[in-house]
Amino acid sequence: MTNPWLAIDVATAPLTRARELRRAWERFVVGSHDENGASHDSSVRAPIADSWRRSAAAGVDPNGLRIAPLVADADETSARWEIHPLAEMAPLIRSCLAATADESQHLIVVSDANGVLLWVEGNAMVRLRAADSMNFAEGTLWSEGGAGTNAIGTAIAAKHAVQVFASEHFNEIVQRWTCAAAPVHDPDTGQVIGVIDLTGEMRTVHPHSMAVATATAQAVEAQLRCEMLNRDARMLARYGDRLTTGSGPRALVAPSGRVIASQPVGWLPPERLALPDDGGTLELLPGAIAVVEPLGHGDAFLVQLLPPPTTCSAPSPRLHLKLLGRERGEAELEGATVALRGRHAEILTLLCSHPDGLSSEELSLGVYGSGDRVGAVRVEISRLRKLLGDCIETEHYRLRPGVSSDVARLGRLLHRGDVREAAARYPGPLLPRSTAPGVIREREALEGWLRQSVMSSGDRDALWEWLQTPSGSLDLPAWQRLLANLAFQDPRRSLAASRVAQLRTESGDAKAAAQPV
């Protein structure tokens, strides 16, 4: 057989091949290999022999005493599948595979990039036998480390489509089955995001199953590429003018570091850029420094090449704003902490929340509640520029490239759905003592967005991080949800129960105090 990734071809008798593989597998598990773990048996394909060695090194039991572990319950698996990029591709996957799966009584399976099964569809009896005999069901881990050699785990480990038949499976209880799987790559990042698999009983093995799985993965990748190009077009429509305004080379770059468009073409290196999350500077080549500016909620980044330094010019100072959980806010200017006055912190907060900028009238309305305090706004911005340097553009008030903030970072985390990290990085409300109308509005919107994201995420750890914040510690419904979703042996359960009881008591006392005498 010329293709080392294909288990069986039309000229091979499945039963004969299965018996041959069984003998090779038995020789391997009793130690018939050299000191480096390399099999001497030429009847075993190189990808399978490599996988057997990885499985043995991972401590997988080949004799069937250990099956694929359950790593996510039904609710968590459903939540993972709902937000997975391949969930939207389910109709396409079904249309590509349904006829083959029905004819050969195979299951259609999708896993995530770690090998956790997220979606299993097909003949009900085959699904039941697969679940009962080898724990092949949603929420189980089918990486090589979790279940030994199998098409899903080996496709992930080898980064290649593969078919695995009968005793090519490392775990004995899986050897009644055959499977073919192909990894799916994100065209934006180039990373594997999941695996498409066809699994059936050994007697239903078909030499074309790997080709069908591969073709389906390619169709999904093509659809994902179309969606990526549509996103690129939207980013160009929104931010394309930033490429043509100003001097020097510029580029619009995706959060993954992939260049969407550049002016002029080709001035950036061909590989993906390692962009700083909060913006700042980036060394492209020795002596070639670029400024990286986040656009929107981290939807894209503008990369601008800085002119070579001269004796009479100096780069803009690195400025980071800390406005969450602080009464007045702080600025870090080249590593030194600068305390901010209340008005200054409020103006900077509004500019952080509006990266496209605000007019003097809009700032006046947000800070003072009235649009007729334009003069006061201009005075405060002049003082800010003296305090922090040239950090605010004066034509239309906006923060200059290179200015980062905890507010913008939190917004980007929420925007891309990284709820657990967002909750962990939330020290408290935005300028909690400020009474500026615009700050109140942004404070309530940001905290409401974070809380709603946490409560709807289905992530217990994200919920736990929220409950460690000043606002979350008083959130009775959130504590109740955590208590309902924690395992009985989880050490956090007793704390959650105590906190629920305490908040219920305090709530009852408050209601009683509010009753008329």
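Before any of the text, the structure's been laid out above.
Notes on the structure in this doc start here. Note that the structure is predicted; figures quoted are calculated from it, not measured.

Another point: the overall build of the protein. When helices and strands are counted, the protein shows 18 helices and 16 strands. Dimensions of the protein along its principal axes, counting C-alpha atoms only, are 90 × 75 × 45 Å. Residues classed as buried in the protein amount to 48% of the 517 residues present. Excluding contacts between residues fewer than 6 apart, the proportion of contacts in the protein whose partners are at least 24 apart in sequence is 59%. For the protein, the accessible area works out to roughly 24700 Å², and carbon and sulfur atoms hold 53% of it. If the 53 positive side-chain charges of the protein are averaged to one point and the 62 negative ones to another, these points end up 3 Å apart.

This next bit is on unusual backbone geometry. Cis rather than trans, the peptide bond between Gln 263 and Pro 264 has omega equal to 0°. As for its position among the elements, Pro 264 is in the loop between β7 (259-263) and β8 (280-285). Here Asn 135, not a glycine, exhibits a phi torsion of approximately 60°, which is positive. Mapped onto the secondary structure, Asn 135 falls in the loop between α5 (124-134) and α6 (144-147). Using a relative accessible area of 22% as the deciding quantity, one classes Asn 135 as partly exposed. Positive phi outside glycine occurs at Leu 431, with the angle close to 40°.

This paragraph deals with the pairing of strand β11 (residues 319-322). Sheet topology places β11 next to strand β12 (residues 330-333); four bridges connect them, and they run antiparallel. Each residue of the ladder has a partner; that of Lys 322, found in β12, is Glu 330. Taken together, the three bridges between β11 and strand β16 (residues 403-405) define a ladder with parallel strand orientation. Bridge assignment links His 320 to a residue of β16, and that residue is Ser 404.

As a further point, take the nonpolar core. The biggest cluster of nonpolar side chains holds 60 residues, and the ones touching the most others in it are Leu 86, Ile 93 and Phe 136. Residues contacting Ile 93, with those up to four places away along its chain left out, are Leu 86, Ile 108, Val 110, Trp 119, Ile 196, Thr 216 and Val 220. Counting residues in each nonpolar core, the second largest holds 55 residues, with Leu 323, Leu 333, Trp 479 and Val 500 among its members.

Take the packing of helix α10 (residues 342-353) against helix α15 (residues 437-457) next. Where α10 contacts α15, the axes come no closer than 9 Å and their chain directions differ by 50°. Classified by the angle their axes make, α10 and α15 are oblique. Along this stretch, α10 crosses α15, giving a crossing that reads as left-handed. On α15, the residues that touch Glu 346, Thr 349, Leu 350 and Ser 353 of α10 are Gly 438, Val 439 and Glu 442. Along the lines of polarity and charge, the residues of the contact of α10 with α15 split into two nonpolar, three polar and two charged.

The next subject is the packing of aromatic side chains. Within the structure shown, the criterion is met by six aromatic pairs. Plain terms: the ring middles of Phe 136 and Trp 142 are 5.1 Å apart, the flat faces sit at 75° to each other, and that makes the pair edge-to-face. Assigned by exposure class, Phe 136 and Trp 142 land together as buried. Seen from their ring centres, Tyr 426 and Trp 466 are 6.3 Å apart, and the 25° between their planes marks the pair as stacked. With Tyr 426 in the loop between α14 (419-424) and α15 and Trp 466 in helix α16 (residues 460-467), the pair connects residues that are 40 residues apart, well separated along the chain. By relative accessible area, Tyr 426 is classed as buried at 4%. Exposure remark for Trp 466: the relative accessible area of 2% places this residue in the buried category. In textbook terms, an aromatic cluster arises when at least three aromatic residues are bridged by ring pairs, as seen for Phe 28, Trp 52 and Phe 170. The ring centre of Trp 464 lies 5.4 Å from the NZ or CZ of Arg 492, which sits over that ring.

Here is what the cut-offs are and how they apply
- Residues numbered from 1 in each chain as written.
- Predicted model: local features only at pLDDT ≥ 70, side-chain atom pairs only at ≥ 80, totals over all residues.
- Heavy atoms only, no water.
- Helix = DSSP H or I, 4+ residues; strand = E, 2+ residues; numbered from the N terminus.
- Buried < 20%, exposed > 50% of the residue type's maximum accessible area, 1.4 Å probe, protein only.
- Contact = heavy atoms within 4.5 Å.
- Areas by Shrake-Rupley, 256 points an atom, 1.4 Å probe, with all protein chains shown as cover.
- Lys, Arg positive; Asp, Glu negative; His and termini not counted.
- Charge placed at Lys NZ, Arg CZ, Asp CG, Glu CD.
- Pairing = 2+ DSSP bridges.
- Core = buried A, V, L, I, M, F, W, Y, C linked by side-chain atoms within 4.5 Å.
- Axes fitted to C-alpha atoms, helices over the stretch in contact; angles between N-to-C directions.
- Parallel < 35°, antiparallel > 145°, perpendicular 65-115°, else oblique.
- Left-handed = near helix turned anticlockwise from the far one by under 90°.
- Nonpolar A, V, L, I, M, F, W, Y, C, P; charged D, E, K, R; others polar.
- Phe/Tyr/Trp six-rings, centres within 6.5 Å; stacked < 30°, edge-to-face > 60°.
- Lys NZ or Arg CZ within 6 Å of the ring centre and 35° of its normal.

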